[in-house]
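The lines below spell out each chain.
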Amino acid sequence: MRFPLHIATDMMKWQLVNWWRGADRVPIVLMLEPLHTCNLACVGCSPERYSGDLKNRVPLAQCFEAIDACGAPVVSICGGEPTVYPEIVELVEGVIARKKHAIMCTNAILLERFYKKARPHKRLTVNVHLDGMRETHDRVVDRPGTFDRAIEMIVEGKRRGFAVQTNTTVYRETSLEELDAMCALLTELDVDGILVSPGYHYEAIEGDEHFLYRDEIHQKFRYVLELAERYPKISSTPLFLQFAAGQRDYPCTPWGNPTFTPNGWKGPCYLIGDKYYGSWSEFFAGVDWNYWESRRDPRCHNCKMHSGFEPSVVRKLGDSFGDVVTMTRWQLANVRGASRAA
Ligand code: SF4
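Model, not experiment: these values are computed from the prediction.

Caption draft 1: Layout of the sheet that holds strand 1 (residues 29-32). Pairing in this open sheet of nine strands is mixed, and the strands run 6-5-4-3-2-1-7-8-9 from one edge to the other. The open sheet has two edge strands with one neighbour each: strand 6 (194-198) and strand 9 (273-277). Taking each pair of neighbouring strands and ignoring which way they run, the sheet shows an average axis angle of 25°. Pairing geometry for strand 3 (residues 101-106) and strand 4 (residues 124-129), over five bridges, is parallel. Residue pairing for strand 4: Ala 102 is matched across the bridge by Leu 124.

Caption draft 2: Fine view of a nonpolar patch on the surface. Side chains of Leu 16, Trp 19 and Trp 20 sit close together on the surface and give an oily, nonpolar patch of about 490 Å² of accessible area. Its place among the elements puts Leu 16 in helix 1 (residues 5-21). On the accessibility criterion, Leu 16 (52% relative accessible area) is exposed.

Caption draft 3: Summary view of the pairing of strand 3. The buried count for strand 3 comes to six of six residues, which makes it a mostly enclosed element. Strand direction decides the pairing type here: strand 2 (residues 74-77) and strand 3, joined by four bridges, are parallel. Of the residues in strand 3, the one forming a bridge with Ile 77 is Met 104. Remark: the strand 2/helix 4 (residues 88-97)/strand 3 crossover connection has right-handed handedness. You can see the chain leave strand 3, run along helix 5 (residues 111-117) and come back into strand 4, and the turn it takes is right-handed.

Caption draft 4: Highlighting the confidence of the model for the protein. Across the protein, the average pLDDT comes to 91, with 94% of residues at or above 70. This model gives residues 336-342 a pLDDT under 50, and the stretch forms zero contacts once residues within four places in sequence are excluded.

Caption draft 5: Geometry of the environment of Trp 292. Secondary-structure assignment places Trp 292 in helix 12 (residues 289-294). Classification of Trp 292 by relative accessible area gives buried; the value is 9%. Separated by 23 residues in sequence, Trp 292 and Cys 269 have C-alpha atoms that sit 8.7 Å apart. In this structure, Trp 292 is in contact with Cys 252, Pro 254, Pro 268, Ile 272, Asp 274, Val 287, Asp 297, Arg 299 and Cys 300, ignoring residues within four places of it in sequence.

Caption draft 6: Region of the structure containing the pattern of salt bridges. Overall, the coordinates contain 25 salt bridges when judged by the stated rule. One salt bridge in this structure joins Arg 149 and Glu 112, with 3.6 Å as the shortest N-O distance. With Arg 149 in helix 7 (residues 146-159) and Glu 112 in helix 5, this residue pair connects regions lying 37 residues apart in the sequence. Its relative accessible area of 27% is what places Glu 112 among the partly exposed residues. Ionic pairing is found between Asp 180 and Arg 230, a salt bridge with its closest N-O pair at 3.2 Å. Of this pair, Asp 180 sits in helix 8 (residues 176-188) while Arg 230 sits in helix 9 (residues 214-230), and the two are 50 residues apart along the sequence. Here the salt bridges share partners, and the residues they tie into one network are Asp 10, Lys 13 and Arg 123.

Caption draft 7: Layout of the pairing of strand 6. Of all five residues in strand 6, five are buried, a share of seventy percent or more. Taking every second residue as pointing to the same face, both faces of strand 6 are buried, with Ile 194, Val 196 and Pro 198 on one and Leu 195 and Ser 197 on the other. Two strands pair when backbone bridges link them, and strand 5 (residues 163-170) and strand 6 are joined in this way by five bridges, in the parallel orientation. Its bridge partner being in strand 6, Thr 168 is matched across the sheet by Val 196. Handedness of the crossover joining strand 5 and strand 6 through helix 8: right-handed.

Caption draft 8: Layout of the environment of Leu 91. The residue Leu 91 is located in helix 4 in this model. C-alpha of Leu 91 to C-alpha of Pro 254: the two residues are 163 residues apart in sequence and 25 Å apart in space. Every residue in contact with Leu 91, bar those within four places of it in the chain, is listed here: Leu 32, Pro 34, Leu 60, Cys 63, Phe 64, Ile 67, Ile 77 and Tyr 85.

Caption draft 9: Fine view of helix 8. The terminal C-alpha atoms of helix 8, which comprises 13 residues, lie 19 Å apart, in line with the 18 Å expected from a rise of 1.5 Å per residue. Within helix 8, the full set of buried residues consists of Glu 178, Leu 179, Asp 180, Met 182, Cys 183 and Leu 186. On its buried face, helix 8 is in contact with helix 6 (134-141), helix 7, strand 5, strand 6 and helix 9. Positive phi appears at Asp 190, one or two residues downstream of helix 8, with a value of about 60°.

Caption draft 10: Region of the structure containing the packing of aromatic side chains. In the structure shown here, the tally under the stated rule is 16 aromatic pairs. Ring plane angle 55° and centroid distance 5.8 Å describe the contact between Phe 243 and Tyr 250, whose orientation is recorded as tilted. For the pair Phe 243 and Tyr 250, one class covers both residues: buried. Where Tyr 291 meets Trp 292, the ring centres are 5.0 Å apart and the plane angle is 85°; that geometry is what we call edge-to-face. Against the face of Trp 14 rests Lys 100, its NZ or CZ located 6.0 Å from the ring centre. The residue whose ring lies beneath Lys 304 is Phe 243, and the NZ or CZ to ring-centre distance is 4.1 Å.

How each quantity is defined
- Residues numbered from 1 in each chain as written.
- Predicted model: local features only at pLDDT ≥ 70, side-chain atom pairs only at ≥ 80, totals over all residues.
- Heavy atoms only, no water.
- Pairing = 2+ DSSP bridges.
- Helix = DSSP H or I, 4+ residues; strand = E, 2+ residues; numbered from the N terminus.
- Axes fitted to C-alpha atoms, helices over the stretch in contact; angles between N-to-C directions.
- Patch = residues over 30% accessible without salt bridge, like charges linked within 9 Å, V, L, I, M, F, W, Y side chains within 5 Å.
- Areas by Shrake-Rupley, 256 points an atom, 1.4 Å probe, with all protein chains shown as cover.
- Salt bridge = Lys/Arg side-chain N within 4 Å of Asp/Glu carboxyl O.
- Buried < 20%, exposed > 50% of the residue type's maximum accessible area, 1.4 Å probe, protein only.
- Right-handed = clockwise from strand over helix to strand, strands pointing away.
- pLDDT = per-residue confidence, 0-100.
- Contact = heavy atoms within 4.5 Å.
- Expected span 1.5 Å × (residues − 1).
- Phe/Tyr/Trp six-rings, centres within 6.5 Å; stacked < 30°, edge-to-face > 60°.
- Lys NZ or Arg CZ within 6 Å of the ring centre and 35° of its normal.

Okay, here's the thing in structure tokens:
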């Protein structure tokens, strides 16, 4: 993900401190799911993530314990739908008070309520879920009007001074033309980033007609790579997009984006919950990281999830001088773009 300079700097500092301490596995982004309650039931989502009872949400104090135990400089608040979490503003404020960066992922239906209570801050990014243009998005989330609401809330968020980015999962029915049209629209709306990730075929999700097999991902993401040249707002890293397009390979880095849920720490990764752990130390010591990094498990076969492989981009960056140059150019292009806009 293309991060603003202050976030990239914090992430670099965190990596250096841990390198100095001799840690070889360092979490970068905490995926915090404070609730498994949602006001939608999208095709790409498992029922575990949207059908939970609100009373089973993670208490605020326990969210903070998880954030402190993990230590990652970025906290992605997902779920469930975070705007349904009654203490969402306090949670975001607590992340900011810890000098970390909060990314609040939302379907935008209740976002206006959040905007009225929260304050814009350089450590807060609102991340709106947008899976294509109107017809595809409304079909994927199974509710007409959701695309229009998302666009309305992107505009409103920008008007109020929030940093607003979007998150798109590419499904089988997502056409290349509509990805182009969506990037053009979001660029016109001056969003602060467009994150694009493949919806991959995975046995745990029923109704696999929407999900992509490895070759289909490669084909779609070769086009996304071209789009990234034309639309600098696309914030997935060029090395991740090359991986998604089948032009390079990486081991997985499931510990880079660990997931905390109402059931505890989820192992091994954001997608697969083979076992839940009560504490950070049990989780980190209990998962067989060597096995999951190797992608030997059949459920990893088609996976190109950004939560598993964007951290691999960071982990493997030092292996190639050419990759360092590519990433530095990409990050600097963002800085130059930001200063031109200022
Ligand atoms: S390859 Fe995908 S499914 Fe397998 S551990 Fe990594 S993120 Fe999880």
